[in-house]
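Reading the structure
Residue strings, one per chain:
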Amino acid sequence: MCGELRAEDAGRDVVLMGWVNRRRDHGSLIFLDLRDRSGITQVVVGEQTAEAHAKAEAARPEYVVAVKGRVRQRAAGLNNPNMVTGEIEVVAEELLLLNESKTPPFSPSEDAIANEEVRLKYRYLDLRRAGMQENLALRSRVAMAIRNYLVGEGFLEIETPFMTRSTPEGARDYLVPSRVHAGQFYALPQSPQIFKQILMISGFDRYFQVARCFRDEDLRADRQPEFTQIDLEMSFPQQDTIFRVAEGFLTAAFAAGGVALKTPFLRMTYDDAIKNYGIDKPDMRLPAMVSLSDVLTPELRTTLRIEQELPVLGFVIPGVGELSGTARKALLSEVRAGFGDCGLDLLDVARLKTNVEFAPLAEAIEAKLSGSDPTHDVDTIMNGAPGLITKSNVSTPKSDADLIIVVTPKIGTPTMWNFDPQWIWKRVGALRLQLGVKYAEKHGRFAKTGTETDFKFCWVTDFPMYEWDEEAKVWNAAHHPFTSPHEDDIAAGRLTNDKGAVRALAYDIVLNGTELGSGSIRIHRQDVQAEIFRSLGMTDAEAKDRFGFFLDALEYGTPPHGGIALGLDRIVMILAGATSLREVIAFPKTAKAIDLMVDAPTPVSEQQLRELHLRVR
RNA sequence: GGGGACGUAGCUCAGUUGGUUAGAGCGCUGCCCUGUCACGGCAGAGGUCGCGGGUUCGAGCCCCGUCGUCCCCGCCA
């Protein structure tokens with residue numbers, strides 16, 4: 001292939017086929033760079049081979065050609081050190097133009113153009129670019145590594161249906177009308193959830209699937225309407241069993257991408273994630289938030305007009321550099337404007353320092369924040385309580401170049417916002433991320449080094465079981481209604497008395513602030529499952545109507561089981577250093593869920609609609 | 001559903017305060033060239049300034065609407 005020839009191949013007779021990447025015509029001497037997915041080789045066509053020369057003259061970029069010739073070591077000084085094939089060239093004896101090409105709207109020989117609309121319309125040309133070829137090759141290697149790992153661990157890959165039953169909970173379904181059954185619809189699966197649980201009931205105690213899932217919701221850079229999950233389920237697992245399997249296949253996947261991961265990953269509870277990062281998917285490449293509540297005496301709170309009981313939170317954005325007075329003030333007012341009228345304010349630590357009265361406070365804040373930078377030290381993690389840590393003991397000294405942000409609730413700030421008592425932590429966490437992005441170039445922690453340090457994994461455990469929906473005035477399942485609550489919470493009767501306090505045996509795996517996947521230990525007792533449906537406001541009749549087949553199945557000897565699903569697209573995206581899923585999916589959709597190449601969706605004929613018993617409103 | 005950015009040649013972009021015939025680089029076409037590899041040289045073609053309406057003596061530029069792409073919020077059990 002075009003990228004494989006080396007100096008030791010000199011003298012070999014070869015046939016190369018590929019696309020003309022570039023043509024350099026020197027009159028009686030023509031160079032063709034021939035490209036296929038393995039790389040590029042220079043072909044030389046001289047006028048001694050008159051027929052080949054004439055064809056080389058006619059060749060244009062993206063023509064498909066076949067070359068028969070001999071590999072030659074290049075003379076001294078003619079090497080191209082920028083190409084792996086730069087020490088050789090192929091001297092053409094015969095040249096065939098297998099196919100012509102129109103002038104492409106952009107050249108596959110260059111880096112990605114800015115205009116994604118054009119890239120997606122001519123996706124077949126975009127995919128010829130080396131970057132996309134590498135991404136899709138990486139994706140294939142990662143998927144294969146995961147399959148190999150799971151099969152080696154005794155998992156069976158079993159396919160579940162694409163055409164299934166609509167479940168109105170959760171994301172909107174893509175529907176498929178039935179021709180045979182007028183007015184009835186299949187739904188494309190949002191996940192194979194119920195099928196894989198039924199496979200556990202059937203005794204396939206280790207199942208996995210590289211499963212396509214469909215959700216009719218609005219898109220983001222990291223969300224496509226159809227996406228691929230590594231979906232797995234096990235019988236008789238502990239939470240730790242599932243963590244070990246997931247860590248195992250992620251290690252295999254990242255090894256396929258040339259990155260050696262250290263396991264086990266850091267773990268923290270949902271509550272700790274909120275308290276330390278203000279979010280359930282912490283990006284630990286940046287220092288955590290720190291509670292400064294105990295640094296402020298009641299007297300200081302009064303003087304500085306800070307609410308007595310609410311948290312005071314601070315964090316550091318490292319390496320921002322010294323800000324001028326004007327720049328600091330601009331930043332403060334920008335952040336204050338972002339707070340709107342929610343009652344939060346900033347403490348200007350730099351200014352406090354200049355005031356004799358407040359200088360000790362400023363120093364105390366700085367001292368407290370200097371230990372806030374976590375590392376990925378596995379020993380530290382494992383020495384903590386089993387599976388739980390709040391913060392690493394390892395600290396990074398704070399330097400003057402670090403930006404200190406301290407958020408204070410003003411007197412009169414509400415303790416709840418949208419019925420969420422954690423809103424202050426979440427708001428400050430959002431600010432932390434916002435400033436982290438703003439100063440990304442300064443702190444450099446989002447930069448790609450290609451090593452394991454680029455990838456900060458963690459498990460977030462003990463998610464809440466229920467979420468209050470203020471608009472509908474109902475409790476919803478935070479994960480999904482098949483998730484098992486903690487035994488303690490069931491025993492304490494919290495399913496009925498105190499839904500907000502019920503913890504689920506649900507967990508997420510997070511990488512660099514992106515949710516890679518989530519899973520749970522499931523409910524395996526029919527009575528508990530029925531109870532959960534009731535606690536979600538479903539009558540027994542409704543539950544039977546929607547999930548009757550599943551409740552029935554649960555009554556025939558269901559083993560304890562649990563599992564997890566990880567987004568393959570997201571894994572590959574982060575591993576490839578891409579910022580959009582579109583870079584790792586061959587034929588993705590736009591933000592409006594349109595395929596610009598095939599132009600889908602489209603209206604269909606009246607005839608098709610009639611067969612499906614449909615009328616468009 | 002909401003907010004923001006962008007839309008000028010095939011591509012990447014510039015276009016001043018509203019003022020003559022809308023520019024550059026790359027690409028493309030033709031010719032020349034035996035050592036290039038982002039080849040080079042000469043010449044040339046290429047525009048519904050996303051679309052529609054308005055203001056104006058005059059609109060790429062101002063206003064209104066609309067379409068498309070991207071990012072974010074909502075949403076994503």
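Residues numbered from 1 in each chain as written. Chains lettered and ligands numbered in written order. Predicted model: local features only at pLDDT ≥ 70, side-chain atom pairs only at ≥ 80, totals over all residues. Heavy atoms only, no water.

1. Regarding the overall build of chain A
Where we set the bar: Segments assigned H or I by DSSP are reported as helices when at least four residues long, segments assigned E as strands when at least two residues long, and all are numbered from the N terminus. When accessible area is computed with a 1.4 Å probe and restricted to protein chains, residues below 20% of their type maximum are described as buried, those above 50% as exposed, and intermediate ones as partly exposed. Whether two residues touch is decided by their heavy atoms; if any such pair falls within 4.5 Å, the residues are in contact. Only the protein chains shown count as covering a residue, and every accessible area follows the Shrake-Rupley method with a 1.4 Å probe. A residue counts as positive if it is Lys or Arg and as negative if it is Asp or Glu; His and the chain ends are not included. Charge placement uses NZ in Lys and CZ in Arg. For Asp and Glu, CG and CD serve respectively.
Tallying secondary structure elements over chain A gives 20 helices and 21 strands in all. Along the three orthogonal principal directions, the C-alpha set of chain A runs to about 95 × 75 × 50 Å. When the 617 residues of chain A are sorted by exposure, 47% land in the buried category. Of the contacts formed within chain A by residues at least 6 apart in sequence, a portion of 69% connects residues at least 24 apart. Accessible surface for chain A amounts to roughly 30500 Å². Of this, 51% is attributable to carbon and sulfur atoms. In chain A, 72 side chains carry a positive charge and 86 a negative one; their mean positions are 3 Å apart.

2. Describing the packing of aromatic side chains
We count it as follows: Put simply, two rings from Phe, Tyr or Trp (the six-membered ring, in Trp's case) pair if the centres are within 6.5 Å, and we call them stacked under 30 degrees between planes, edge-to-face over 60, tilted for the rest. For a Lys NZ or an Arg CZ to count as sitting over a ring, it must be within 6 Å of the ring centre and within 35 degrees of the ring normal.
Overall, the coordinates contain 16 aromatic pairs when judged by the stated rule. Aromatic pair Phe 243 and Tyr 507: ring centres 5.1 Å apart, planes at 85°, arrangement edge-to-face. Remark: Tyr 507 occurs in strand E19 (residues 506–511) and Phe 243 occurs in helix H6 (residues 239–256); sequence separation between them is 264 residues. The buried category is assigned to Phe 243, whose relative accessible area is 0%. A centroid spacing of 5.4 Å and a plane angle of 75° characterise the contact between Phe 254 and Phe 457, whose relative ring orientation is edge-to-face. One end of the pair, Phe 254, is in helix H6; the other, Phe 457, is in strand E16 (residues 457–461), and 203 residues separate them in sequence. Phe 457 gets classed as buried once you look at its relative accessible area, which sits at 1%. Taken together, Phe 254, Phe 265, Phe 455 and Phe 457 form an aromatic cluster joined through their ring pairs. Taking NZ or CZ as reference, Lys 275 lies 4.9 Å from the ring centre of Trp 425, over its face.

3. Describing the pattern of salt bridges
Test applied: Take a side-chain nitrogen of Lys or Arg and a carboxyl oxygen of Asp or Glu: if they are within 4 Å of each other, that pair is a salt bridge.
All told, the structure shown has 38 salt bridges when counted by the stated rule. One salt bridge connects Arg 12 with Asp 9, and the closest N-O pair in it is separated by 2.9 Å. Classification of Asp 9 by relative accessible area gives buried; the value is 12%. The residue Asp 489 makes a salt bridge to Arg 503 at a minimum N-O spacing of 3.3 Å.

4. Focus: the side chain of Arg 129
Its place among the elements puts Arg 129 in the loop between helix H3 (123–126) and helix H4 (130–152). With sequence-adjacent residues up to four places away left out, Arg 129 is seen in contact with Pro 108, Glu 110, Asp 111, Ala 112 and Arg 119.

5. Focus on the sheet that holds strand E9 (residues 206–214)
The following threshold applies: A pair of strands is considered paired only if DSSP assigns at least 2 bridges between the two. Between N-to-C directions, angles span 0 to 180 degrees; the directions come from axes that are lines fitted to C-alpha atoms, helices contributing only their stretch in contact.
Read from one edge to the other, the open sheet built from eight strands follows the order E6-E9-E10-E21-E20-E19-E16-E11, with strand pairing classed as mixed. Taken across any chain shown, the strands that pair with only one partner, and hence form the sheet edges, are strand E6 (156–157) and strand E11 (266–269). Where strand E20 (residues 514–521) lies against strand E21 (residues 561–567), five bridges are found, and the strand directions are antiparallel. Considered in E21, the bridge of Ile 521 is made with Gly 562. This element, H6, spans strand E10 (226–235), E11, E16, E19, E20 and E21 of the sheet and lies at about 160° to E16.

6. Quick notes on the protein's contact with RNA strand B
Here is the rule we go by: The near set for a molecule or strand comprises every residue that places at least one heavy atom within 4 Å of it. For this classification, the nonpolar set comprises Ala, Val, Leu, Ile, Met, Phe, Trp, Tyr, Cys and Pro, the charged set comprises Asp, Glu, Lys and Arg, and every other residue, Gly included, is treated as polar.
The environment of RNA strand B is made up of 49 residues, and the closest members are Asp 25, Leu 78, Glu 89, Gly 170 and His 479. Counting only the atoms of RNA strand B that lie within 4 Å of the protein, the sugar and phosphate share comes to 55%. Contributions of two or more residues to the surface near RNA strand B are made by strand E1 (13–25), strand E2 (29–36) and helix H2 (116–121). When the residues that make up the surface near RNA strand B are grouped by side-chain class, the tally is 16 nonpolar, 14 polar and 19 charged.

7. Focus: the confidence of the model for chain A
As a note on interpretation, predicted positions should not be read in detail where pLDDT is low. Under the convention used in this document: Looking at any residue, its pLDDT shows the predictor's confidence there, from 0 to 100.
Per-residue pLDDT for chain A averages 91, and the proportion of residues at 70 or more is 95%. For residues 375–395, every residue scores under 50 in pLDDT, and the model assigns this stretch 36 contacts once sequence neighbours within four places are set aside. Here the complex is predicted with pTM 0.92, and the ipTM for its interfaces comes to 0.93.

8. Observations concerning the pairing of strand E13 (residues 313–317)
Of all five residues making up E13, five are buried, and the element is well covered by its neighbours. One ladder, built from two bridges, connects strand E12 (residues 290–291) with E13; its direction is antiparallel. When the bridges of E13 are listed, Ser 291 appears paired with Leu 313. In this sheet, strand E15 (residues 403–409) lies alongside E13 in antiparallel orientation, the contact comprising five bridges.

9. Looking at helix H5 (residues 193–201)
Buried residues dominate H5, accounting for seven of its nine residues. Of the positions making up H5, those classed as buried are Gln 193, Ile 194, Lys 196, Gln 197, Leu 199, Met 200 and Ile 201. Check the buried side of H5 and you find it contacts E9, E10, helix H18 (540–554) and E21. Just downstream of H5 lies Gly 203, where phi reads positive at about 95°.

10. Here we look at the environment of Arg 328
Topologically, Arg 328 is positioned in helix H9 (residues 325–339). On a C-alpha basis, the gap between Arg 328 and Leu 403 in space is 9.7 Å, while along the polypeptide they are 75 residues apart. Dropping the residues within four chain positions of it, Arg 328 is found in contact with Leu 323, Asp 348, Ala 350 and Arg 351.

11. Observations concerning a nonpolar patch on the surface
Condition: Think of a patch as exposed residues, more than 30% relative accessible area, with no salt bridge, where like charges cluster within 9 Å and nonpolar side chains (Val, Leu, Ile, Met, Phe, Trp, Tyr) cluster within 5 Å.
A surface patch of nonpolar side chains, amounting to about 380 Å² of accessible area, comprises Val 15, Met 17, Leu 96 and Leu 98. If you list the elements that add at least two residues to the nonpolar patch, you get E1 and strand E5 (88–99). Within the secondary structure, Leu 98 sits in strand E5. Relative accessible area serves as the criterion here: at 45%, Leu 98 is assigned to the partly exposed category.

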